[in-house]
Amino acid sequence: FDSHSDGVLALQMFNGTQQLVAWGRNSFNQLGVGDIAVVTDPTAVDITPLQLSPYQLIDAVVSYDFSLLLSADGRVFGAGSSDAKQLGSVGTEGSSLFAEVTGLPLAAGVSVSGDTALVLTRDGDLLVWGNCTVQEKCDAVTSVPTDAPWLVPSAEGLLDGAYATQ
């Protein structure tokens, strides 16, 4: 479950089935429901085009203009605005539906902050892309948004091999 003032994404059980549900302002398609309309009631997000079942989703994070999903097999998916390239390989046009962010190593965790996307890899490295201009958040300074993930140097080996695949 994750929320921001502009939307909520939650993995919930409904009639014995796990679902990804969304509601909120959805001003930038960040809820991945296919259009920019306000979602007033919790609404199931269709992830069948991703060839995933809801049981394969293990995390959902939302910012004010984009969101990321993490699957159990380590893939990352994004929806919403990408004006700062925060959806990576999805492109700068953004996406009203969730699409896979390709070119990443297998992920163990995802996070978002403003227009910045972060992925903790299964090898323990922290990758960041988008509009990362705050040194305290990224341990590096760049004024140019990038869709190419870069390694945060101080996070190298963060998990130090502690992540075990199932």
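Worth saying up front: this structure is predicted, and the values here are computed from it rather than measured.

Some remarks on the overall build of the protein
Check the secondary structure of the protein and you find one helix and twelve strands. By the burial criterion, 43% of the 166 residues in the protein qualify as buried. Looking at the protein alone, contacts between residues at least 24 apart form 43% of all its contacts between residues at least 6 apart. As displayed, the protein offers around 8100 Å² of accessible surface, 51% of which is attributable to carbon and sulfur atoms.

Details of the pairing of strand β6 (residues 66-71)
Here β6 lies mainly inside the structure; six of its six residues are buried. Here β6 shows two buried faces, one formed by Phe-66, Leu-68 and Leu-70 and the other by Ser-67, Leu-69 and Ser-71. Examined bridge by bridge, strand β5 (residues 57-62) and β6 share five bridges and lie antiparallel to one another. The partner of Val-62 across the bridge, within β6, is Ser-67.

Looking at the packing of aromatic side chains
Evaluation of the coordinates by the stated rule reveals one aromatic pair. Between Phe-28 and Tyr-64, the ring centres sit 6.4 Å apart and the planes meet at 85°, which makes this aromatic pair edge-to-face. Taken as a pair, Phe-28 in the loop between β3 (17-24) and β4 (39-44) and Tyr-64 in the loop between β5 and β6 lie far apart in primary sequence, 36 residues in all. Residue classification places Phe-28 among the partly exposed positions, given a relative accessible area of 37%. Residue class for Tyr-64 comes out partly exposed when judged on its relative accessible area of 30%.

Digging into the confidence of the model for the protein
Looking at the protein as a whole, its pLDDT mean stands at 76, while 72% of the residues score no less than 70. Note that residues 134-142 has pLDDT below 50 and, in this model, 17 contacts with residues that lie over four places away or in other chains. Segment residues 156-166: pLDDT under 50, and 16 contacts once partners within four positions in sequence are set aside and those in other chains are kept.

About the cut-offs
Residues take numbers from 1 onward in each chain, read along the sequence in its written order. Only residues with pLDDT of at least 70 get local features here, since the model is predicted, and only at 80 or more are side-chain atom pairs given and counted; chain-wide, interface and lining totals rely on the full set of residues. Think of the side-chain values as coming from all heavy atoms in the structure, minus any hydrogens and water. Counting from the N terminus, the helices are DSSP H or I runs at least four residues long and the strands are E runs at least two residues long. Here's how the labels work: a residue is buried when its accessible area is under 20% of the maximum for its type, exposed when over 50%, partly exposed in between, all with a 1.4 Å probe on protein chains only. The criterion used for residue contact is that any of the two residues' heavy atoms lie within 4.5 Å. Only the protein chains shown count as covering a residue, and every accessible area follows the Shrake-Rupley method with a 1.4 Å probe. Strand pairing follows a simple DSSP-based rule, namely that at least 2 bridges must link the two strands. Two rings belonging to Phe, Tyr or Trp (six-membered ring only in the last case) form a pair when the distance between their centres is within 6.5 Å. Interplanar angles under 30 degrees mark stacking, angles over 60 mark edge-to-face geometry, and anything in between is tilted. pLDDT measures how confident the predictor is about each residue, on a scale from 0 to 100.

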